[in-house]
Amino acid sequence: PTMVLAAALVPAYSPDAKVVANIGLGSGLTTHALLALPSLERVDTIEIEAEMEEGAKMFGADVERVWSDPRSQVHIEDAKTYFTVMGYTYDAIATEPSNPWISGVSGLFSDEFYQLIKDYLSDDGILVQWLQLYEIDINLVASMLKAVAGNFADYAIYASDDTNILVVAKKSGALGAPDP
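Anyway, here's the lowdown on the structure attached to this text. This structure is a prediction, so every number in the text was calculated from the model and none was measured. (Residues numbered from 1 in each chain as written. Predicted model: local features only at pLDDT ≥ 70, side-chain atom pairs only at ≥ 80, totals over all residues. Heavy atoms only, no water.)

1. What about the pairing of strand β4 (residues 90–95)?
And then number 1: Most of β4 is tucked away: six of the six residues are buried.
And then number 2: Where β4 lies against strand β5 (residues 121–132), five bridges are found, and the strand directions are parallel. The residue bridging Y90 from the neighbouring strand is L121, located in β5. (Buried < 20%, exposed > 50% of the residue type's maximum accessible area, 1.4 Å probe, protein only. Helix = DSSP H or I, 4+ residues; strand = E, 2+ residues; numbered from the N terminus. Pairing = 2+ DSSP bridges.)

2. Remarks on the environment of E53
And then number 1: Within the element layout of this structure, E53 appears in helix α3 (residues 50–57).
And then number 2: Classification of E53 by relative accessible area gives buried; the value is 17%.
And then number 3: Sequence-wise, E53 and H75 are 22 residues apart; in three dimensions their C-alpha atoms are separated by 9.8 Å.
And then number 4: Other than its neighbours up to four places away in sequence, E53 contacts L25, W67, V74 and I76. (Contact = heavy atoms within 4.5 Å.)

3. Regarding the sheet that holds β4
And then number 1: An order of β3-β2-β1-β4-β5-β7-β6 is seen for the seven strands of this open sheet, with the pairing classed as mixed. Of all strands in the sheet, those with a lone pairing partner are β3 (72–76) and β6 (154–159), marking the two edges. With direction set aside, neighbouring strand axes in the sheet form an average angle of 15 degrees.
And then number 2: Across five bridges, strand β1 (residues 19–23) lies against strand β2 (residues 42–47) in parallel orientation. Along β2, the bridge assignment pairs I23 with I46.
And then number 3: Taken strand by strand, helix α5 (residues 79–86) contacts β1, β2, β3 and β4, and its axis lies near 135 degrees from that of β2.
And then number 4: Each of β1, β4 and β5 is contacted by helix α6 (residues 111–118), which is oriented at about 145 degrees to β5, the strand it contacts most. (Axes fitted to C-alpha atoms, helices over the stretch in contact; angles between N-to-C directions.)

4. As for α5
And then number 1: Looking at α5, one finds that the buried residues are A79, Y82 and F83. An end-on view of α5 places all buried positions within 90 degrees of arc, on one side of the element.
And then number 2: A side-chain oxygen of the first residue of α5 lies 3.2 Å from the backbone nitrogen of K80; this N-cap is D78.
And then number 3: Note on α5: the residue one or two positions beyond its end, G87, has a positive phi of about 70 degrees. (Arc of directions from axis to C-beta. Polar contact = N/O pair within 3.5 Å; in protein donor to acceptor, adjacent residues only side chain to side chain.)

5. Here's the deal with the pattern of salt bridges
Close approach of charged atoms allows side chains of opposite charge to pair.
And then number 1: In total, this model carries four salt bridges according to the counting rule given.
And then number 2: Note that D44 and R42 form a salt bridge whose closest N and O atoms lie 2.9 Å from each other.
And then number 3: You can call D44 buried: its relative accessible area is 1%.
And then number 4: Note on R42: relative accessible area 25%, which makes it partly exposed.
And then number 5: Among the ionic pairs, D69 bridges to R71, the shortest N-O distance being 2.7 Å.
And then number 6: Note on D69: relative accessible area 12%, which makes it buried. (Salt bridge = Lys/Arg side-chain N within 4 Å of Asp/Glu carboxyl O.)

6. Describing the nonpolar core
And then number 1: Grouped together as the largest cluster of nonpolar side chains are 26 residues, with contacts concentrated most on F83, I93, Y114, I117 and F152.
And then number 2: Residue assignment for this core shows that the elements contributing at least two residues are β1, α5, β4, α6, β5, α7 (138–151) and β7 (164–170).
And then number 3: At five residues, α7 tops the list of elements feeding residues into this core.
And then number 4: In this structure, F152 is in contact with Y114, I117, K118, L121, L127, A169, K170 and K171, ignoring residues within four places of it in sequence.
And then number 5: Counting 23 residues, the second largest nonpolar core, distinct from the first, contains A7, V20, V128 and V168. (Core = buried A, V, L, I, M, F, W, Y, C linked by side-chain atoms within 4.5 Å.)

7. A word on the packing of aromatic side chains
And then number 1: All chains considered together, the criterion is met by seven aromatic pairs.
And then number 2: Considering the side-chain rings of Y13 and Y158, the 6.3 Å spacing of their centres and the 65 degrees angle between planes classify their relative orientation as edge-to-face. Of the two residues, Y13 is situated in helix α1 (residues 2–13) and Y158 in strand β6; the sequence distance between them amounts to 145 residues.
And then number 3: Taking the relative accessible area as the measure of exposure, Y158 reaches 23% and is therefore partly exposed.
And then number 4: Measuring from ring centre to ring centre gives 5.4 Å for Y82 and F83, while their planes differ by 85 degrees; the resulting arrangement is edge-to-face.
And then number 5: Residue Y82 is classed as buried on the basis of its relative accessible area of 3%.
And then number 6: Aromatic rings pair up to connect Y82, F83, Y88, Y90 and Y120 into one cluster. (Phe/Tyr/Trp six-rings, centres within 6.5 Å; stacked < 30°, edge-to-face > 60°.)

Next comes the structure, spelled out in structure tokens:
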């Protein structure tokens, strides 16, 4: 439910989105669900660990659009490096890295990361951030939300289940109500 909701929040808050980035391949389900949207022109998935791509392929038809849809590109690269080097602007960026307490991942939940990433969003762009609430200190959750609030004009929080939330943040202006 969390991965599908992450994809569904993109058209709900950015119905005119054409170009989307997804940080963290995981099972491939978020990218696969995004590619169900015929309005998207390109989905770039950025994954730091090459073995994740091979693992995701094991989910077969449930995630096949990641590799079969010509609008999809998987980039094996560190997210910060990818955005800095490529310099693309996105209408939406979904970010679903591993848990923030894992070494090397915590930087993707930081004030510095949100400062960087908003430079690669269009003026009306949105960020969809997954945050796992299990095995996490509430102070870390508060720190992440403070960083989002300090870098984005508005945001909303969705609970996809008892242990996961999705934060939708807008670069500028009010987020508004989602468009069902």
